[in-house]
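Below are the chains, spelled out letter by letter.
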Amino acid sequence: MLDRPHRKQSSAKRAVNLSLSTDLVEEAKAQGLNLSQFVEDKLSEAVRAERTKRWKEENRAAIEAQNEFNRKNGFWAEDVRPW
């Protein structure tokens, strides 16, 4: 999979309501965590992971076919690869 930025940089924000444990929020604030940025970062990671998982599922047949082809025929540049 291509290495892509984890999300588009955007200044547009949307207010949302979350219900979180009061004790946890207080401890996070006491430790200086920016809750909005933390949630946004973790949500971005989860979205990226789910997108990757779905891509692999959607492309499983093609990946398996290519792997089988490589097992049977080898790699086109096998004689020049350094490993």
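Everything below is about the structure shown above.
Described in the following lines is the structure provided in the data block. (Residues numbered from 1 in each chain as written. Predicted model: local features only at pLDDT ≥ 70, side-chain atom pairs only at ≥ 80, totals over all residues. Heavy atoms only, no water.)

## Brief notes about the overall build of the protein chain
The condition is simple: Strands here mean DSSP runs of E at least two residues long; helices mean DSSP runs of H or I at least four residues long; both are numbered from the N terminus. To be clear on the numbers: accessible area is Shrake-Rupley with a 1.4 Å probe, and residue cover counts the displayed protein chains and nothing else.
Within the protein chain, the secondary structure is distributed over three helices and zero strands. From first element to last, N terminus to C terminus, the protein chain shows the α and β order α-α-α. Accessible surface, the protein chain: about 8100 Å² in total, of which carbon and sulfur atoms supply 53%.

## Quick notes on the pattern of salt bridges
As a reminder of what qualifies: Just to be clear on terms, a salt bridge is a Lys or Arg side-chain nitrogen sitting within 4 Å of an Asp or Glu carboxyl oxygen.
Enumeration according to the criterion identifies five salt bridges in this entry. For Glu 40, the salt bridge goes to Lys 13, with nearest N and O atoms at 2.8 Å. Here Glu 40 is found in helix 2 (residues 35-58), whereas its partner Lys 13 is found in the segment before helix 1 (22-30), with 27 residues between them in sequence.

## Section: the environment of Ala 15
For Ala 15, the location among the structural elements is in the segment before helix 1. Distance from Ala 15 to Ser 36, taken between C-alpha atoms, is 9.7 Å for residues 21 residues apart in sequence.

## Considering helix 2
We apply this condition: Here, expected helix span is obtained from the residue count minus one, scaled by 1.5 Å. Distance and chemistry together define a polar contact, namely a pair of N or O atoms within 3.5 Å, with one atom able to donate a hydrogen and the other to accept it when in protein, and with adjacent residues in sequence counting only for side-chain atoms on both sides.
Its 24 residues place the ends of helix 2 34 Å apart at the C-alpha level, agreeing with the 34 Å of an ideal helix rising 1.5 Å per residue. Two to three positions downstream of the cap, the backbone nitrogen of Ser 36 sits 3.1 Å from a side-chain oxygen, assigning the N-cap of helix 2 to Asn 34.

## A word on a nonpolar patch on the surface
Quick note on the threshold: Residues qualify for a patch when their relative accessible area is over 30% and they have no salt bridge, like charges being joined within 9 Å and the nonpolar side chains of Val, Leu, Ile, Met, Phe, Trp and Tyr within 5 Å. Each residue's exposure class comes from its accessible area (1.4 Å probe, protein chains only) as a fraction of the maximum for that residue type: buried when under 20%, exposed when over 50%, partly exposed otherwise.
Taken together, the side chains of Val 16, Leu 18, Leu 20, Leu 33, Phe 38, Val 39, Leu 43 and Val 47 make up a nonpolar region of the molecular surface, amounting to roughly 720 Å² of accessible area. Relative to the helices and strands, Phe 38 resides in helix 2. Take Phe 38: its relative accessible area is 42%, and that puts it in the partly exposed class.

## Quick word on helix 3 (residues 60-73)
Compared with an ideal rise of 1.5 Å per residue, which puts 14 residues at 20 Å, helix 3 spans 20 Å between its outermost C-alpha atoms and is within 8% of the ideal. The first or second residue beyond helix 3 is Gly 74, which carries a positive phi of 75 degrees.

Just geometry here; none of it tells us what the structure is for.
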